[in-house]
Amino acid sequence: MRIYSLIGIAVVLSLLMIRSGPSLAEVRQGNEVLIAKDEVIDDDLYVFAQKVTVNGTIKGDLIVFAQQININGSVDGDLLAAAQQVQVNGKVSDDVRIAGQVLTFQDGADIGDDLIAASYSLECTKASHIEGEVKYAGYQSVFAGRVEKKIELASANCELSGSCGD
């Protein structure tokens, strides 16, 4: 078993032990985890894998540790992720908190609240939309889409060709 899997399992077990209520989160792990287009997960989802692809709907938070993450479907809660590469093409209804090497928010990306990120590279393409604030630390960033509130960043290189509310 890889070290990130062991650490991830320990984190999930700790979080599950302190969570109250009748419903427990769903946990998935493996080399590749796919949430199919017609699949709906009615709770929080914790994922530990090399590659994670979400084409369906998660009606809770998505907490994911992977090498590659692709969000094409929707997450009705928060997205908390750590990966080498994160690509968001779909909708996240609440906050996005991510760390990685390359973070990309494609034209279909729609973030319902704040984006907090740390990476080598962050790119928000022309038709991407972030409803809240952006707080970013990293080497380079491109904001070509719409950010409704303010952008705070620590970045060696930044390009703002989109729009920002504040």
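To be clear, the structure that these remarks concern was listed above.
The residue count restarts for each chain, going from 1 along the sequence in the order it is written. Thresholds applied to this predicted model are a pLDDT of at least 70 for local features of residues and 80 or more for the giving and counting of side-chain atom pairs; totals over whole chains, interfaces and linings are not thresholded and use all residues. The side-chain values count all of the structure's non-hydrogen atoms but skip hydrogen atoms and water molecules.

(A) Examining the pattern of salt bridges more closely. Just to be clear on terms, a salt bridge is a Lys or Arg side-chain nitrogen sitting within 4 Å of an Asp or Glu carboxyl oxygen. The final tally for this structure, using the stated rule, is 8 salt bridges. Where aspartate 95 meets arginine 97, a salt bridge forms, and the shortest distance between an N and an O atom there is 3.2 Å. Only protein chains enter the calculation, and the probe is 1.4 Å; a residue is then buried if its accessible area is under 20% of its type maximum, exposed if over 50%, and partly exposed in between. By relative accessible area, arginine 97 is classed as partly exposed at 34%. When the shortest N-O distance is used, the salt bridge between glutamate 152 and lysine 150 registers 3.1 Å. Exposure remark for glutamate 152: the relative accessible area of 35% places this residue in the partly exposed category. A relative accessible area of 31% means that lysine 150 is categorised as partly exposed. Through salt bridges with shared partners, a single network forms among Glu26, Arg28 and Glu39.

(B) Seen up close, the sheet that holds strand E11 (residues 115–124). What makes two strands pair is DSSP finding at least two bridges between them. The helix count covers DSSP runs of H or I at least four residues long, the strand count covers runs of E at least two residues long, and both are numbered beginning at the N terminus. The strand order across the open sheet built from 8 strands is E1-E3-E5-E7-E9-E11-E13-E15, with neighbouring strands paired in parallel fashion. Strands with a single pairing partner mark the edges of an open sheet, and in this sheet they are strand E1 (26–35) and strand E15 (151–160). Shown here is a sheet whose adjacent strand axes are inclined to one another by a mean of 5 degrees, direction ignored. In the sheet, strand E5 (residues 62–71) pairs with strand E7 (residues 79–88) via 8 bridges, with the strands oriented parallel. Bridged to valine 64 within E7 is alanine 81. Lines fitted to C-alpha atoms define the axes here, with helix axes fitted over just the stretch in contact, and angles between the N-to-C directions of these axes take values from 0 to 180 degrees.

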